Amino acid sequence: MSSDTKKITLAKEKNSRKELIEKLGPLLALVVLIIFVTILNPGFVAPNNLLNLLRQVSTNALIAFGMTFVILTGGIDLSVGSTLALSSALMAGGIVAGLDPLLAMVLAIIAGGLLGGFNGLLITKGKMAPFIATLATMTIFRGATLVFTKGNPITGIGDSFIFKFIGRGYLFGIPFPVVLMLICFTLLYVLLHKMTFGRKVFAIGGNEKAAFIAGIKSDRIKIAIYAISGMMASVAGIIITSRLNSAQPTAGQSYEMDAIASVVLGGTSLSGGRGRIVGTLIGALIMGTLNNGLNLLGVSSFYQQIVKGIVIIIAVLLDRKK
């Protein structure tokens, strides 16, 4: 075997090992974290606590699934928390006014899609940087929520079975928010990894100019992915509103940070073009395990913010080294 052939073989083996580490890294981190927390507090693996953990993870995971599409194109969506709050407030207001709860929930998801699509229009047609566009709409949507609710929670939403079931129900002993999370995960996994739409998302994130030359209409794809992000935020908002039986004008604050952290921890590159939605689910589980474990250990919420910030820094630094 010649020296050149050996070099090529070694390079291929190195790349294979690197890809394997990237794929298994988040899962290994989750396993290590679970073992560490269990050693410190064996109550972590109690069935009730694990179900509670999954219920807590579900809302962040739903938002993070939508964020995955956005970040894969090299974008960012800072408005998801405000989108969650505004769509939830509109839904709650509609139910209080006499609208059928199921219809109100459907309209809330549509509203989330429209709000996300508006972000996409600003970015594609307005030629605004995703960070600036979604930072502006984050403020606009939050302000609109406060105006609509007059700064007060919307209560007295009613006793509709389907509305209560969304956030508080169980299906075969599993909290329904977890079931809903898995349904959305499956649908978005197929969309991203098994369909042409997903290949276009990766192409745009990898090299947008090359994607344009190949005939991919990047503007349409970007508008669609921001709409998906908005809809996922709305679904998360429906779950939270159902659990609390009220729509809070401050709901969703800082949720965008947890979602971005989950996506990056799951191995999706902030520069776009590389990542997996499976990794995002694992990243959300890491964030949820971290939050739950710190609570069980009695760590102050003030220190929890510091720990989460450090985790985000580590995730970004690891992404930069890829």
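Everything that follows concerns the structure shown earlier in this document.
What counts and what doesn't
Residues numbered from 1 in each chain as written. Predicted model: local features only at pLDDT ≥ 70, side-chain atom pairs only at ≥ 80, totals over all residues. Heavy atoms only, no water. Helix = DSSP H or I, 4+ residues; strand = E, 2+ residues; numbered from the N terminus. Rg over C-alpha atoms; globule rule 2.2 N^0.38 Å. Contact = heavy atoms within 4.5 Å. Areas by Shrake-Rupley, 256 points an atom, 1.4 Å probe, with all protein chains shown as cover. Lys, Arg positive; Asp, Glu negative; His and termini not counted. Charge placed at Lys NZ, Arg CZ, Asp CG, Glu CD. Phe/Tyr/Trp six-rings, centres within 6.5 Å; stacked < 30°, edge-to-face > 60°. Buried < 20%, exposed > 50% of the residue type's maximum accessible area, 1.4 Å probe, protein only. Arc of directions from axis to C-beta.

When helices and strands are counted, the protein chain shows 13 helices and two strands. Taking 20 Å as the expected radius of gyration for a compact globule of 322 residues, we find that the protein chain reaches 21 Å, a close match to that expectation. Of all intrachain contacts in the protein chain linking residues separated by at least 6 positions in sequence, the fraction that spans at least 24 positions is 79%. Within the structure as shown, the protein chain displays about 15700 Å² of accessible surface, and the carbon and sulfur contribution to it stands at 69%. Of the charged side chains in the protein chain, 28 are positive and 12 negative, and the gap between their average positions amounts to 2 Å.

On inspection of all chains with the given rule, the structure shows five aromatic pairs. Here Phe-165 and Phe-176 contribute two aromatic rings whose centre-to-centre distance is 4.8 Å and whose plane-to-plane angle is 45°, an arrangement assigned as tilted. In this pair, Phe-165 sits in helix α6 (residues 161-168) while Phe-176 sits in helix α7 (residues 176-193), placing the two residues 11 residues apart along the sequence. Residue classification places Phe-176 among the buried residues on the basis of a relative accessible area of 13%. Ring centres of Phe-185 and Tyr-189 lie 6.1 Å apart, and the angle between their planes is 35°; this geometry places the pair in the tilted category. Of the two residues, Phe-185 and Tyr-189 both sit in helix α7, four residues apart, roughly one turn of that helix. On the accessibility criterion, Phe-185 (14% relative accessible area) is buried. When its relative accessible area of 28% is taken as the criterion, Tyr-189 is described as partly exposed. Feature note: the residues Phe-65, Phe-185 and Tyr-189 constitute an aromatic cluster, connected by ring pairs.

The set of residues buried in helix α8 (residues 196-206) consists of Phe-197, Gly-198, Val-201, Ile-204 and Gly-205. All buried residues of α8 fall inside an arc of 125° around its axis, so they share one side. Relative to its buried face, α8 has exposed residues pointing more than 90 degrees away, namely Arg-199 and Gly-206. Of the surrounding secondary structure, the elements contacted by the buried residues of α8 are α2 (47-72), α7, α9 (208-213) and α10 (218-244).

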